[in-house]
Amino acid sequence: MPMNLWIMCSSQLETGLEQLTQAGEVIEEAGVSASTVSLWLEQLGDLAVAAALTLLKAVIVAAIGWYLIKFVCKWIRKFLIRSNLDDGVSGFLCSVIKAVLTCVLVVIVIGILGIPMSSVVALVGSAGLAIGLALQGCLTNFSGGVLILIVKPFKVGDYIIDDNGNEGTVMAIDIIYTKLLTADNRSVTIPNGTLANCTIINTTKEPVRRLDFSVSISYDENIDRVKAVLLEAAHKSSFVLEDRDCTVFVANFDPSAVKITLRFWVKSEEYWNAKWEMQETIKKYFDENHISMPYDQLDVHVVNKK
């Protein structure tokens, strides 16, 4: 068995020597000397080392540049906050500055790698139409975001309602999207283009809001007494603004009741608390003063025909 293994190895060695000899003969026939091949190998090694160093340099520059971009954006955000600029505008500007600095970093890295910028510009130009069509929606949302920041129909912290029934507190106005937080703590992301082209109801833009309460009373009730009770309930509420008008008037005559409306003003941030408290207070005051509020009922008359 060892003899067979030795014979097999000897045969393979002889075959390898023959192939090397043939390769040397081919090189000699081509007129390429061993020194030339050695020179080629040295140049190839130098090129590999140079390429590796260039790649390492590009990676280091990209890492340092990315860190500097994050640092600059953080510093700019703090500066804008200290300058009392609107949160939505500051966030939008930071996003734009970050995108611009990132593009500059990419150009620098491409230059370090030795890629001709003319080739990159030609490639981008040839793909410009396709990119424009693909990003058409993004460009619309971007222009919508710019329009929102210029016109300012709302800002970060406002409570808004749009045409599609989306409502909530504005948490952020980014380059492409606006983020809302609903009352039940759900996050809603809406494209800026949609918000810029629909009707927006901003319920917190003004410092005060008006509350209207309509109550129904029986036709047998004394209207003046009911109006006095409603005014007393309003004046005793801590939410009602005393420097604003508080009025009570007969709003309508329904088939089975007289509708009376109480109108007063409250602070915008206290709107819901004032509404809930006033509903409870009016019911208690009506019970104390024995004022009845009619409800829908159906009278059935049975006629016996013999």
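Residues numbered from 1 in each chain as written. Predicted model: local features only at pLDDT ≥ 70, side-chain atom pairs only at ≥ 80, totals over all residues. Heavy atoms only, no water.

A few words on the overall build of the protein. Each helix and strand counted, the protein has nine helices and eight strands in total. Looking at the protein as a whole, 24% of its 306 residues qualify as buried. Considering only contacts in the protein between residues 6 or more positions apart, those separated by 24 or more positions represent 63%. Surface exposure of the protein reaches about 21,200 Å², of which carbon and sulfur atoms provide 62%. (Helix = DSSP H or I, 4+ residues; strand = E, 2+ residues; numbered from the N terminus. Buried < 20%, exposed > 50% of the residue type's maximum accessible area, 1.4 Å probe, protein only. Contact = heavy atoms within 4.5 Å. Areas by Shrake-Rupley, 256 points an atom, 1.4 Å probe, with all protein chains shown as cover.)

In the structure shown here, the tally under the stated rule is 10 salt bridges. With a shortest N-O distance of 3.1 Å, Arg186 and Asp184 are connected by a salt bridge. The exposure class assigned to Arg186 is exposed, which follows from its relative accessible area of 52%. Salt-bridge contacts for Glu232 lead to Lys236; the nearest nitrogen and oxygen are separated by 3.3 Å. Lys236 sits in the exposed class, given a relative accessible area of 58%. Ionic contacts of the salt-bridge type, sharing partners, join the residues Arg210, Asp212 and Arg263 into one network. (Salt bridge = Lys/Arg side-chain N within 4 Å of Asp/Glu carboxyl O.)

Our next topic: the sheet that holds strand β2 (residues 167–173). The strand order across the open sheet formed by five strands is β4-β3-β2-β1-β5, and the pairing between neighbours is antiparallel. Edge strands, defined here as strands with exactly one partner in the open sheet, are β4 (187–191) and β5 (201–202). (Pairing = 2+ DSSP bridges.)

Right, let's talk about the nonpolar core for a bit. One finds Leu230, Ile260, Leu262, Phe264, Met278, Ile282 and Phe286 to be the most contacted residues of the largest nonpolar core, which totals 25 residues. Residue assignment for this core shows that the elements contributing at least two residues are β6 (208–217), α8 (223–235), β8 (258–267) and α9 (271–288). Sorting elements by how many residues they give to this core places α9 first, with six residues. Val170, Val188, Ile190 and Cys198 belong to the second-largest nonpolar core, a separate cluster that totals 13 residues. (Core = buried A, V, L, I, M, F, W, Y, C linked by side-chain atoms within 4.5 Å.)

With that out of the way, let us pick up the packing of α8 against α9. Between α8 and α9, the shortest axis-to-axis distance is 10 Å and the interhelical angle comes to 135°. Considering their axes alone, α8 and α9 lie oblique with respect to each other. Viewed along their axes, α8 and α9 form a crossing whose handedness is right-handed. For the pair formed by α8 and α9, the contact residues are Val226, Val229, Leu230, Glu232, Ala233 and Ala234 on the first element and Met278, Thr281, Ile282, Tyr285 and Phe286 on the second. A breakdown of the residues in the contact of α8 with α9 according to their chemical character gives nine nonpolar, one polar and one charged. (Axes fitted to C-alpha atoms, helices over the stretch in contact; angles between N-to-C directions. Parallel < 35°, antiparallel > 145°, perpendicular 65-115°, else oblique. Left-handed = near helix turned anticlockwise from the far one by under 90°. Nonpolar A, V, L, I, M, F, W, Y, C, P; charged D, E, K, R; others polar.)

Summary statistics for the protein give a mean pLDDT of 78 and a share of 73% for residues scoring 70 or more. Confidence, expressed as mean pLDDT per element, reaches its minimum in the protein at helix α1 (residues 2–29) with 55 and its maximum at β8 with 93. (pLDDT = per-residue confidence, 0-100.)

Its 13 residues place the ends of α8 18 Å apart at the C-alpha level, agreeing with the 18 Å of an ideal helix rising 1.5 Å per residue. Of all the residues in α8, the buried ones are Val226, Val229, Leu230, Ala233 and Ala234. Buried residues along α8 cover an arc of 135° about the axis, so they all sit on one side. Against β6, β7 (247–253), β8 and α9 lie the buried residues of α8. In this structure Asn222 caps α8, since a side-chain oxygen of it lies 3.0 Å from the backbone nitrogen of Asp224. (Expected span 1.5 Å × (residues − 1). Arc of directions from axis to C-beta. Polar contact = N/O pair within 3.5 Å; in protein donor to acceptor, adjacent residues only side chain to side chain.)

Turning to unusual backbone geometry, a few remarks are in order. Residue Lys152 is not a glycine yet carries a positive backbone phi of 60°. With respect to the helices and strands, Lys152 occurs in the loop between α6 (136–151) and β1 (159–161). The class of Lys152 is partly exposed, set by a relative accessible area of 45%. The backbone of His290 shows a phi angle near 55°, a positive value even though the residue is not glycine. Checked against the element boundaries, His290 lands in the segment after α9.

Time to look at the packing of aromatic side chains. Here the structure, examined in full by the defined rule, presents four aromatic pairs. Both rings, one in Phe213 and one in Phe264, keep their centres 6.0 Å apart while their planes meet at 15°; by these two values the pair is stacked. With Phe213 in strand β6 and Phe264 in strand β8, the pair connects residues that are 51 residues apart, well separated along the chain. You'll find Phe213 and Phe264 in the same group, each marked buried. Relative to Trp272, the ring of Tyr271 lies with its centre 5.3 Å away and its plane at 90°, an arrangement referred to as edge-to-face. Among the residues examined, Tyr271 registers a relative accessible area of 12% and is labelled buried. (Phe/Tyr/Trp six-rings, centres within 6.5 Å; stacked < 30°, edge-to-face > 60°.)

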